[in-house]
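# Reading the structure
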Amino acid sequence: MKKLNTIIVLLISVLLYACEQKTITEKEINIIPKPASVQTGTGFFKLDKKTSIYLGEFAVLEKQFLQEIDGETGLRLSVSEKATSGIQLHKIDGLAQEEYQLKVHKNAVEIKATSSAGAYYALQTLKQLIDKKNKNGGSFLIPSVEISDKPAFAWRGYMLDVSRHFFGIDDIKKVLDFMAELKLNRFHWHLTDDQGWRIEIKKYPKLTEIGAWRVDYNVTDENISNWWGRPVQKPNEKATYGGFYTQEQIKEIVAYAKERHIEILPEVDVPGHSQEILAAYPEVSCEPHRKFYVATGGVYKDNALCPSNPDTYKFLTDVLGEVMDLFPLNYIHIGGDECNKSGWHNHKQCQQFIRKKGLKNEHELQSYFIKEVEKIVNAKGKNMIGWNEILEGGLAPNATVMSWQGEKGGILAAKAGHDVIMTPMEYVYLDLKQGQSGSEPNLGYSEALLSACYNYSVIPKDFTEEQASKILGLQGNLWTESISDWDKLTYMTFPRLFAVAENGWTAESEQDFDNFIERLRVQLKKLDAKGVRYAKSVFNPWIHHKGNRKSIEITLASELTAPEIRYTLNGNEPTKDSPLYTKPFTITETKTIRAAIFKNGIRLGDVVEASYTIHKAAGAKVVYNHRYTPKDAAQKELALTDLNYGQLLAPDDKNWQGFSDDFDVTIQLAQPTDIQKVQLTSLRKTIGGTYPVKRVEVYGAGKDGKFSKIGDSGFQDECLIQGRNKIVTTVECPAKAISKIRVKAELLNPIPKGHHKAGSKSHLMVDEIVVL
């Protein structure tokens, strides 16, 4: 037994010696955001319960250092009065506000900074360096390294919309925690919108008594997307969903953020997006005697404050005053986006006001409103931020612009000498889909891929140095129309927030997407360990197809560089030994393609699949009894039998053919054919008036050419449901020796009352008529 113990001790000694002598490589340093300078050394610092922390002049950081290292390792370290060993913090002159130096060697960890913010960011880097894989009993190893680091931009933000769906203070604290770990320093808190007012205002209590609550039409099913066009509140319905933050809770969150060196930008969205205000105080609307309700979903009109009413400005002076008193940051965001001005156009008082003030139109009336609000903000010693629509009609003198509708607004504002925060939706809107739509949950709309987010150049290429200095930074925005709970929040936030953080911290010249992906894989394992849901979309292959009337060409693709894509055609899950994709291939019979990305024998993401049907009418001639619309012609007369199937949300997808009248086509089969069923896939995108079919009838003709009805779907309830997805209508129609098939589909007209486009004609989008 003694001999065995001796051998064990010797083995441990050998391993420890090996660790001490190990040369650290840069590949082992997987920090996000990537530091400005990293020099690796030899060996490790051992972190254990005996390790102490010397804080020096950074005693204010004691709580955060002790708590966060404890949270990362379970070790409760002691504080030392002397800088002899362990973790040491030293205050030095000459570094920038958020800059730090971190040196890890065998005997100590030294942190140098000029400010507490810099020292705190060094802690975040240190936490990422802790090696949990090589944990030895109660100790952890930290690789020897020297890091000099500072941010590229002063504004590194994350926005959370808590109006559309409410998140309590415990969730907000978790948001601030993950922001701090990524060295993000601005939390944009979107506190008000049509669907709920979320902050206590003592002078106007009805804002939270009424404005914070709506009728609960929330949907948690990720396959349903009905935000636009939910039923409006009826007079006898009770508003039960919502919530708000008391002023004491706001103070608690502000203090919590301050400990993490995060400043909070509150947003009160006016003059549009204000239906929740009008529900509580209709006297600041253009229709003071009208009964307004807090919106249950998306709205786009009759939701603006009245800019010609002096009481509106008194109201905003009081409300914004209370808000600004709660938040130390020298900015407040006043929204200013998507203001529907039709109410102003039809309001006699507003039109008189336009003439009285010498304004040209409603755009200049909005500009007048924004400038008046800026005076209110400036009077409190604060500066105003607004979305890029505040440019309409002329920009307020001291305003800062958040550019979300692309970069154009930000570029115009910066060239005019205004400060700008870049938030273009195609790059940093975290509520957009982050993978191929057919493989993603039905959350969000459009597309903002991780690669696009990471590779976004914050400073426009043609900017002068002076113009570039007006770009304060960037921000990732999470709007919560489809984000009903915490798991959805983290799924849409990660991993794209890692990209936002690196884009904001690391100089563009030091950024590399391939290297980022390798570091990201390490960070995602940490999210796995914490049970955090995130999207694996960047590690999932894309399945593209091109129909050739009798066959389909399949192409597999990825955001990654030279990915190892394995696939199957037999329905089995792909493994590391499945066929390797090297070039496009062709299928000539119905197949289900299943594919996944591997590296070193390990699957990186999910298995994605797509089924493609080679049906009995493939390549058949189609005669249009009712024509398609020219703007949605797809492949014209070839479109409905060419084996090109439509995606749900592909911006460049030309496989959907559109119809504004009832659908009526005849398919001429190459030879008499026995059939069993006909399938019609239509697109549901009701925000734009595109609805699935109301009813489908199928007629067949044999050699005599006479048609008779062989199938009828009956009324389809799906046509009455709003949302955004694909709907397959199957008509059973068994028949023999059919030479021609006539398919008639009835559109939903008019669009029902209560829907987003009620009273309008619906539009039909069809990709293929599948005959089985």
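Described in the following lines is the structure provided in the data block. Just so you know, these numbers come straight off a predicted model, no measurement behind them. (Residues numbered from 1 in each chain as written. Predicted model: local features only at pLDDT ≥ 70, side-chain atom pairs only at ≥ 80, totals over all residues. Heavy atoms only, no water.)

Here we come to the overall build of the protein chain. Along its length, the protein chain carries 18 helices and 34 strands. Counting only C-alpha atoms and orienting by the principal axes, one finds that the protein chain spans roughly 100 × 85 × 50 Å. Counting only contacts in the protein chain whose residues sit at least 6 apart along the sequence, the fraction spanning at least 24 positions is 72%. Total accessible area on the protein chain is roughly 32,500 Å²; 50% of this is exposed by carbon and sulfur atoms. (Helix = DSSP H or I, 4+ residues; strand = E, 2+ residues; numbered from the N terminus. Contact = heavy atoms within 4.5 Å. Areas by Shrake-Rupley, 256 points an atom, 1.4 Å probe, with all protein chains shown as cover.)

All chains considered together, the criterion is met by 2 cavities of 30 Å³ or more. The calculated volume of the largest cavity comes to roughly 40 Å³. What lines the largest cavity is Gly435, Gln436, Ser439, Glu440, Ser537, Asn540, Pro541 and Trp542. Among the residues forming the lining of the largest cavity, the class breakdown is 2 nonpolar, 5 polar and 1 charged. Taken as a whole, the second largest cavity encloses approximately 30 Å³ of empty space. Of the residues assigned to the lining of the second largest cavity, the class counts are 4 nonpolar, 2 polar and 1 charged. (1 Å grid on protein atoms, 1.4 Å probe; cavity = no way out; pocket = protein on both sides within 12 Å on 5 of 7 lines; lining within 4 Å. Points joined across faces, edges and corners; volume = space filled by probe spheres on them. Nonpolar A, V, L, I, M, F, W, Y, C, P; charged D, E, K, R; others polar.)

Attention now moves to helix α10 (residues 348–356). Turning to α10, its buried residues are Cys350, Gln351, Phe353 and Ile354. Projection of α10 onto a plane perpendicular to its axis shows the buried side chains occupying an angular sector of 160°, all on one side. Turned more than 90 degrees away from the buried face of α10 sit Lys348, Arg355 and Lys356, all of them exposed. Next to the buried residues of α10 lie α9 (342–345) and α11 (362–379). A positive phi of about 70° marks Gly358, the residue just after α10. (Buried < 20%, exposed > 50% of the residue type's maximum accessible area, 1.4 Å probe, protein only. Arc of directions from axis to C-beta.)

In this fold, Ser739 is placed in strand β33 (residues 724–746). The contact partners of Ser739, leaving out residues within four places of it in the chain, are Ile667, Gln668, Leu669, Pro672, Ala701, Gly702 and Lys703.

All right, on to the sheet that holds strand β15 (residues 263–270) then. The strand order around the closed barrel formed by 8 strands is β9-β10-β15-β16-β17-β18-β19-β20, and the pairing between neighbours is parallel. Within this sheet the neighbouring strands show an average axis-to-axis angle of 30°, counted without direction. Pairing geometry for strand β17 (residues 383–387) and strand β18 (residues 400–403), over 3 bridges, is parallel. Bridging across to β18, Trp387 finds its partner in Met402. Running over the sheet, helix α4 (residues 169–181) touches β9 (155–161) and β10 (186–190) and is turned about 150° from β10. (Pairing = 2+ DSSP bridges. Axes fitted to C-alpha atoms, helices over the stretch in contact; angles between N-to-C directions.)

Closest axis-to-axis distance for the α10/α11 pair is 10 Å, and the angle between their directions is 80°. Classified by the angle their axes make, α10 and α11 are roughly perpendicular. Mapping the contact onto sequence places Cys350, Gln351, Phe353 and Ile354 in α10 and Glu362, Leu365 and Tyr368 in α11. Classifying every residue of the contact of α10 with α11 gives 5 nonpolar, 1 polar and 1 charged. (Parallel < 35°, antiparallel > 145°, perpendicular 65-115°, else oblique.)

Once that is clear, we can look at the nonpolar core. Residues Tyr158, Phe187 and Trp189 are the most contacted members of the largest nonpolar core, which totals 173 residues. Formed by 31 residues, the second largest nonpolar core is a distinct cluster that contains Val622, Val665, Val698 and Leu764. (Core = buried A, V, L, I, M, F, W, Y, C linked by side-chain atoms within 4.5 Å.)

A separate point is the pattern of salt bridges. Under the definition given, this model contains 47 salt bridges. A salt bridge links Asp161 to Arg164; the nearest nitrogen and oxygen atoms lie 3.0 Å apart. Taken as a pair, Asp161 and Arg164 share a single burial class, namely buried. A cluster of three or more residues bridged by salt bridges with shared partners is formed by Lys63, Asp177, Glu259 and Arg260. (Salt bridge = Lys/Arg side-chain N within 4 Å of Asp/Glu carboxyl O.)

Structurally, Trp505 can be placed in helix α17 (residues 496–505). Between the C-alpha atoms of Trp505 and Val104, which are 401 residues apart in sequence, the distance is 22 Å. Not counting the four nearest positions on each side in its chain, Trp505 is found in contact with Pro33, Lys34, Glu98, Tyr100, Tyr121, Asp149, Lys150, Pro151, Ala152, Arg156 and Lys183.

Quick look at the sheet that holds strand β24 (residues 585–587) now. If you walk across this open sheet you meet the 3 strands as β21-β22-β24, and the pairing is antiparallel. Taken across any chain shown, the strands that pair with only one partner, and hence form the sheet edges, are β21 (542–547) and β24. Averaged over all adjacent pairs, the angle separating strand axes in this sheet is 35°, with direction ignored. Note: β21 against strand β22 (residues 552–557), 6 bridges, orientation antiparallel.

Attention shifts here to the side chain of Gln128. Residue placement: Gln128 occurs in helix α3 (residues 116–129). A polar contact of 2.8 Å, which involves the side chain of Gln128, links it to the side chain of Gln523. If sequence neighbours within four positions are ignored, Gln128 has contacts with Asn30, Ile31, Ile32, Glu181, Gln523 and Lys526. (Polar contact = N/O pair within 3.5 Å; in protein donor to acceptor, adjacent residues only side chain to side chain.)

Right, let's talk about the packing of aromatic side chains for a bit. Counted by the stated rule, this structure contains 30 aromatic pairs. For the ring pair Tyr121 and Trp505, a centre distance of 5.4 Å and an interplane angle of 75° mean the geometry is edge-to-face. Of this pair, Tyr121 sits in helix α3 while Trp505 sits in helix α17, and the two are 384 residues apart along the sequence. Residues Tyr121 and Trp505 agree in their burial class; the two are buried. A ring pair is formed by Phe178 and Trp486, whose centres lie 6.3 Å apart and whose planes are at 40°; its orientation type is tilted. (Phe/Tyr/Trp six-rings, centres within 6.5 Å; stacked < 30°, edge-to-face > 60°.)

This paragraph deals with the pairing of strand β16 (residues 331–335). Taken across its 5 residues, β16 has 5 buried, putting it largely inside the fold. Burial along β16 is two-sided: the face carrying Tyr331, His333 and Gly335 and the face carrying Ile332 and Ile334 are both buried. Here β15 pairs with β16 via 2 bridges, running parallel. Directly across from Val270, in β16, lies its bridge partner Gly335. Bridging between β16 and β17 involves 3 bridges; their strand directions are parallel. Along β17, the bridge assignment pairs Tyr331 with Asn383.

Fair warning: the whole summary comes from geometry, so function is off the table for now.
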